[in-house]
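Now for the letters of each chain:
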Amino acid sequence: ASLFTAIEMAPRDPILGITEGFNADQNPNKTNLGVGVYYDDNGKLPLLECVRKAEAELMAKLSPRGYLPIDGLAAYDKAVQELVFGADSAVVKEKRAVTVQAIGGTGALKLGADFLKRFSNDNAQVWISDPSWENHRALFESAGFTVNNYPYYDAATRGVNFVGMMEALNNMASGSIVVLHACCHNPTGADLNHDQWTQVIEVVLKRGLIPFLDMAYQGFADGITEDGEVVRRFAQAGGPLFVSNSFSKSFSLYGERVGALSIVAASTEEASRVLSQLKRVVRTNYSNPPIHGGQVVATVLASPELRKLWEEELAGMRVRIREMRQLLVKKLKEQAPAQDFDFVTKQRGMFSYSGLTKPQVERLRDEFSIYAVDTGRICVAALNTKNIDAVVAAIAKVL
Ligand code: PMP
């Protein structure tokens, strides 16, 4: 027997597996509503104009490729920190926040998980929403944590089971790590409202929980500033705070892997010790991050003109998704009047928990080459004025 004889086949990734099936499908009218990627009205992955312009600037002054510092491009880290917390926030002014460039939002979560495993209570456990982005559990488990679910989605109301969530938070051991979606909850599209966040912040502080905010969709609900409000409220409230953010979606830079991890500490001095240890986590994982994506984002965020363009382009994506939600509901009303889909317009971000069952999702795939997640999650950002009629007709048939 060799080293590999007893190795079992790993299960397919539930989301990326859908794309594998989609790619193998020969139907020319196939539609992929599975992955969380924004496509434009022509079904194409956009290259944002602000990115194109920043890249042209970078190309014009081509520079040699030395290593970046362990914590990434300084201009990037600064710009991201100001975006996430606000340039004139107390945590930024008092230098209590540290931000390191990360390999996408996923990489930021893994850095935070590894850091927490090293420095949190020996018996601290991680809590994620039920349901959550599939990779949350796997990432924290692979860092060595036991991962639990707190109640979140209520299928009956298609909203948040806030009573259940609060009860869980109130019963967690002090030092527990709570992963929260800052906006545009993936996969349900159901977010907490302002007053509910107030209560969550209160209980997190009161019980000494460690909040880990994951913000992968800033700008896809109400706007860049509006969507970042939860992060700023947590930062103002005090206590330790972890924030992972990603530019995969908001800059349409999926393959460049640009994200960041920010940690808020109690003082400048504490923050510098935290940063020194965070750099060790980076160093022992991949040494230092790649240059290009970080340079693009830093260039856009630092230039008033490019930043304005980015905000307009992001608003364009946000508005188009909203229009698709409205169109989907309107057309479903015509084709399947027996069922109420109004909730789709209340959900936020790229996704909709459509209420479609697993057998219905299977029929959509097998009979119509329309790919969704088994849980009924569809990516509204993959709908467009050309494919929506076929999708609605197919849904009406499988209901
Ligand atoms: N968190 C959530 C909730 C996400 O949906 C995603 C992306 N699907 C990520 C993190 C990871 O982002 P990235 O692709 O930048 O690694």
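Every value quoted in this text rests on a predicted model; they were computed, and no experiment measured them.

Caption draft 1: The confidence of the model for the protein chain, seen in detail. In this model, the protein chain carries a mean pLDDT of 96, and residues with pLDDT of at least 70 account for 100%. Interface predicted TM-score (ipTM) for the complex: 0.99; the corresponding pTM is 0.97.

Caption draft 2: Up close: the environment of Phe-343. Assignment of secondary structure puts Phe-343 in the loop between helix H13 (304-335) and strand S11 (351-353). Residue Phe-343 is classed as partly exposed on the basis of its 18 C-beta neighbours within 10 Å. Each C-alpha atom of the pair Phe-343 and Arg-158 lies 7.2 Å from the other, and the pair is 185 residues apart in sequence.

Caption draft 3: Structural detail: the UniProt feature "domain: Aminotransferase class I/classII large" (unreviewed entry) in the protein chain. Mapped onto the present numbering, the UniProt feature "domain: Aminotransferase class I/classII large" (unreviewed entry) falls at residues 29-395. Each end of residues 29-395 is marked by a C-alpha atom, and these two atoms are 15 Å apart; helix forms 46% of the span and strand 15%.

Caption draft 4: Structural view of the packing of helix H7 (residues 162-171) against helix H8 (residues 194-207). In the contact formed by H7 and H8, the axes pass within 10 Å of each other and the chain directions differ by 10°. Judged on the interaxial angle alone, H8 and H7 are roughly parallel. Residue-level inspection shows Phe-162, Met-166, Leu-169 and Asn-170 of H7 in contact with H8, the latter providing Gln-196, Gln-199, Val-200 and Val-203. Of the residues in the contact of H7 with H8, the class split is 5 nonpolar, 3 polar and no charged.

Cut-off values and rules
- Residues numbered from 1 in each chain as written.
- Predicted model: local features only at pLDDT ≥ 70, side-chain atom pairs only at ≥ 80, totals over all residues.
- pLDDT = per-residue confidence, 0-100.
- Helix = DSSP H or I, 4+ residues; strand = E, 2+ residues; numbered from the N terminus.
- Buried ≥ 20, exposed ≤ 12 C-beta atoms within 10 Å, placed from the backbone.
- UniProt positions renumbered as here; feature names shortened; annotations may be inferred.
- Axes fitted to C-alpha atoms, helices over the stretch in contact; angles between N-to-C directions.
- Parallel < 35°, antiparallel > 145°, perpendicular 65-115°, else oblique.
- Contact = placed C-beta atoms within 7 Å.
- Nonpolar A, V, L, I, M, F, W, Y, C, P; charged D, E, K, R; others polar.

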